[in-house]
Amino acid sequence: MKIAIDGPAGAGKSSIAKMLAKELNFVYVDTGAMFRAIALFFLNQNIDPGNEQAVKERIDEIQIRLGYEDGEQKIFLNGEDVSGVIRREEVGKNASTVAKNQAVRTKLLDLQREIANDGDVIMDGRDIGTVVLPDAEVKIYLTASVEVRAKRRYKELEGKGEHCVLSDIEKDIEARDEQDMNRKISPLKKADDAVLVDTSDMTISEVVKKIREIAKK
């Protein structure tokens, strides 16, 4: 079985998908981590992730591999575990930029589908239900207001001891929404057969329960 969860930045996709995967004993696939790893590669090489030609020329140097440790997804970039460093804000911003590149999406699409065909999966991202797994039995589109998403991100960063400004996070989320929804290649949008779930006034447990009920049906 395939469960596709799409939605904008900060909607809670990863946290919800992880919890749901554990409850259902499915494999969790965080596609956003893959784009972050590619963005990290180019940042480390001092190459602008928005430079389409440079990205296209170097994309074959990148090897992405997923691993699992105690049920947690680990992502390896050219053999190095980068699961922690890809969560930096700078990497996240550039992941949206690099995701607009067709060469990047082509490289990751085959890997994502290959993983999905190996067994029961929950995959989250921006275009899972529309492009990556259009045949998924369950499609969910998670959303929440910009204000709620910004506050969640603020709390997450504060919890990690990182200094941040709430208004800056709101602007960043709005900019990423604009970029993700209006890119020419695989824009973020709700699949016609996806169930819309607004998490603004819901706890993670409530959202997980709702999706689990949808999956059972």
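Owing to the predicted nature of the structure, the values given are computational and were not obtained by experimental measurement. Every chain begins its residue count from 1, and numbering advances along the sequence as written. With the structure being a predicted model, the display of local features is reserved for residues of pLDDT at least 70 and the display and counting of side-chain atom pairs for 80 or more, all residues being used for whole-chain, interface and lining totals. The basis for every side-chain value is the complete set of non-hydrogen atoms in the structure, without hydrogens or water.

## Re the environment of threonine 203
Secondary structure elements follow DSSP: runs of H or I of four or more residues count as helices, runs of E of two or more count as strands, with numbering from the N terminus. Position of threonine 203 relative to the elements: it lies in the loop between strand E8 (195-198) and helix H9 (204-216). When the C-alpha atoms of threonine 203 and glycine 12 are compared, they prove to be 9.9 Å apart, with 191 residues separating the residues in sequence.

## Regarding the environment of valine 146
By the secondary structure assignment, valine 146 is in helix H7 (residues 146-159). Counting along the chain gives 71 residues from valine 146 to isoleucine 75, while the straight-line C-alpha distance between them is 28 Å. The contact criterion used is simple: two residues touch if any of their non-hydrogen atoms lie within 4.5 Å. In this structure, valine 146 is in contact with Glu170, Ile173, Glu174 and Asp177, ignoring residues within four places of it in sequence.

## Brief notes about the sheet that holds strand E4 (residues 72-77)
Note: strands within a sheet are paired through backbone hydrogen bonds, in either parallel or antiparallel orientation. Here, strands pair whenever DSSP counts at least two bridges between them. Taking strand neighbours across the sheet as the criterion, the three strands line up as E3-E4-E5 in an open arrangement whose pairing is antiparallel. Edge positions in the open sheet fall to strand E3 (64-69) and strand E5 (80-81), since each of these has one partner strand only. Summarising the sheet, E4 and E5 pair through two bridges and their orientation is antiparallel. Its bridge partner being in E5, leucine 77 is matched across the sheet by glutamate 80. Between the N-to-C directions of two axes lies an angle of 0 to 180 degrees, each axis being a line fitted to C-alpha atoms and, for a helix, fitted only over the stretch in contact. Taken strand by strand, helix H2 (residues 31-44) contacts E3 and E4, and its axis lies near 30 degrees from that of E4.

## So, the sheet that holds strand E2 (residues 27-30)
Here we have five strands laid out as an open sheet, ordered E2-E6-E1-E7-E8, and parallel in their pairing. For this open sheet the edge positions go to E2 and E8, each flanked by a neighbour on one side alone. Looking at each pair of strands side by side, their axes are set apart by 20 degrees on average, direction ignored.

## So, the packing of helix H1 (residues 13-24) against H9
Closest axis-to-axis distance for the H1/H9 pair is 9 Å, and the angle between their directions is 55 degrees. Here H9 runs oblique to H1, going by the angle between their axes. The element H1 and its partner H9 pack so that their crossing is right-handed. For the pair formed by H1 and H9, the contact residues are Ser15, Ile16, Met19, Leu20, Glu23 and Leu24 on the first element and Ile204, Val207, Val208, Ile211 and Arg212 on the second. Along the lines of polarity and charge, the residues of the contact of H1 with H9 split into eight nonpolar, one polar and two charged. For classification, angles of less than 35 degrees are called roughly parallel, those exceeding 145 degrees roughly antiparallel, those between 65 and 115 degrees roughly perpendicular, and all remaining angles oblique. Take the far helix as your reference; a near helix turned counterclockwise from it by less than a right angle gives a left-handed crossing, and one turned clockwise gives a right-handed crossing. In this count, Pro and Cys sit with the nonpolar residues alongside Ala, Val, Leu, Ile, Met, Phe, Trp and Tyr, while Asp, Glu, Lys and Arg are called charged and the others, Gly among them, polar.

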